[in-house]
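Report on the structure
As a plain string of letters, each chain reads:
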Amino acid sequence: MFLGRTYSWDGKRDLARKEFKQVLTEDPENEDALVALVDVETWDDQHERALELANTGLQKNKNSEDLLYRKARSLVKLNREKEAVEVLQQLFMVNQGHKDGLNLQLSLKQGRLKNALTVNYFRDQYSEVFDPTQQASLQYSRRTGIGSVFFRYNLADRFGNKGNQWELEAYPSLFKGV
């Protein structure tokens, strides 16, 4: 197991797969090896394969927190958010405080927002030599069918110099995946 994890962290995914498959051949019930193999497939962007492996493990242990979370994560990567939400609900029935599951749920909720308003303020206080610096920004963002658009206003007061700046950013989707 340790060797397989080391290979996967080092980006040697094929060697990691070989190690984990050997462990699973010797002990088909080894959930840790299956979870590690799901991670390897995820890190290698093989999300369909990761989903298949998670489903295989869940047939043996339907309440596995590790496999439920990884299944939900794979579904998100495959743009199957509705199914991911259902799997997260299963996970929360097992452990309502699952930290990674809660983070994934939050990111799914934020990803569905069409409009967002963000306000930031930073202040750096120095010792006796410099006056404090301040920076504030106000941002409105909107997700559209053709991409995301951001309007931002920045205001700064640094070392006695004041300034402001308007920004417009757009991230169009030319076609699926790009």
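Since we're looking at a predicted model, the values are computed, not measured. (Residues numbered from 1 in each chain as written. Predicted model: local features only at pLDDT ≥ 70, side-chain atom pairs only at ≥ 80, totals over all residues. Heavy atoms only, no water.)

Turning to the packing of helix H1 (residues 2-9) against helix H2 (residues 13-26), a few remarks are in order. Any two packed helices are characterised by the angle at which their axes cross and by the distance between the axes. Direction vectors running N to C along H1 and H2 enclose 160 degrees, while the axes themselves pass 7 Å from each other. As far as their axial angle goes, H2 and H1 are roughly antiparallel. Regarding H1 and H2, the two cross each other, and that crossing is left-handed. Counting all contacts with H1, which are made through Leu-3, Gly-4, Arg-5, Tyr-7 and Ser-8, the residues of H2 involved are Arg-13, Leu-15, Ala-16, Glu-19 and Phe-20. (Axes fitted to C-alpha atoms, helices over the stretch in contact; angles between N-to-C directions. Helix = DSSP H or I, 4+ residues; strand = E, 2+ residues; numbered from the N terminus. Parallel < 35°, antiparallel > 145°, perpendicular 65-115°, else oblique. Left-handed = near helix turned anticlockwise from the far one by under 90°. Contact = heavy atoms within 4.5 Å.)

So, on to the environment of Leu-108. If you trace the backbone, Leu-108 turns up in helix H7 (residues 99-111). Taking the relative accessible area as the measure of exposure, Leu-108 reaches 8% and is therefore buried. Taking the C-alpha atoms as reference points, Leu-108 and Lys-82, separated by 26 residues in sequence, lie 9.6 Å from one another. Once residues within four sequence positions are removed from consideration, Leu-108 is found in contact with Val-76, Glu-81, Ala-84, Val-85 and Leu-88. (Buried < 20%, exposed > 50% of the residue type's maximum accessible area, 1.4 Å probe, protein only.)

The next thing to look at is the pattern of salt bridges. In this structure the tally under the stated criterion is 11 salt bridges. Glu-41 is the partner of Arg-17 in a salt bridge, and the nearest nitrogen-oxygen pair spans 2.7 Å. With Arg-17 in helix H2 and Glu-41 in helix H3 (residues 31-43), this residue pair connects regions lying 24 residues apart in the sequence. In this pair, the class of Arg-17 matches that of Glu-41, namely buried. Note that Arg-152 and Glu-169 form a salt bridge whose closest N and O atoms lie 2.7 Å from each other. Of this pair, Arg-152 sits in strand E3 (residues 147-158) while Glu-169 sits in strand E4 (residues 161-172), placing them 17 residues apart in sequence. Arg-152 gets classed as buried once you look at its relative accessible area, which sits at 16%. Via salt bridges that share partners, Arg-5, Asp-39, Asp-66, Arg-70 and Arg-73 belong to a single interconnected network. (Salt bridge = Lys/Arg side-chain N within 4 Å of Asp/Glu carboxyl O.)

It is worth spelling out the packing of aromatic side chains at this point. A full pass over the atoms with the stated rule returns four aromatic pairs. Both rings, one in Tyr-140 and one in Phe-151, keep their centres 6.4 Å apart while their planes meet at 15 degrees; by these two values the pair is stacked. With Tyr-140 in strand E2 (residues 133-144) and Phe-151 in strand E3, this pair connects stretches of sequence that are 11 residues apart. Look at Phe-151 and you get partly exposed, because its relative accessible area is 42%. Ring centres of Tyr-153 and Trp-166 lie 4.5 Å apart, and the angle between their planes is 45 degrees; on these two criteria the pair is classed as tilted. (Phe/Tyr/Trp six-rings, centres within 6.5 Å; stacked < 30°, edge-to-face > 60°.)

End to end, H7 covers 18 Å across 13 residues, agreeing with the expected 18 Å (1.5 Å per residue, within 8%). Within the span of H7, buried status applies to Gly-101, Leu-104, Gln-105 and Leu-108. Along the axis of H7, the buried residues cluster in a sector spanning 100 degrees; they form a single face. The inward-facing, buried residues of H7 contact helix H5 (65-77) and helix H6 (81-94). (Expected span 1.5 Å × (residues − 1). Arc of directions from axis to C-beta.)

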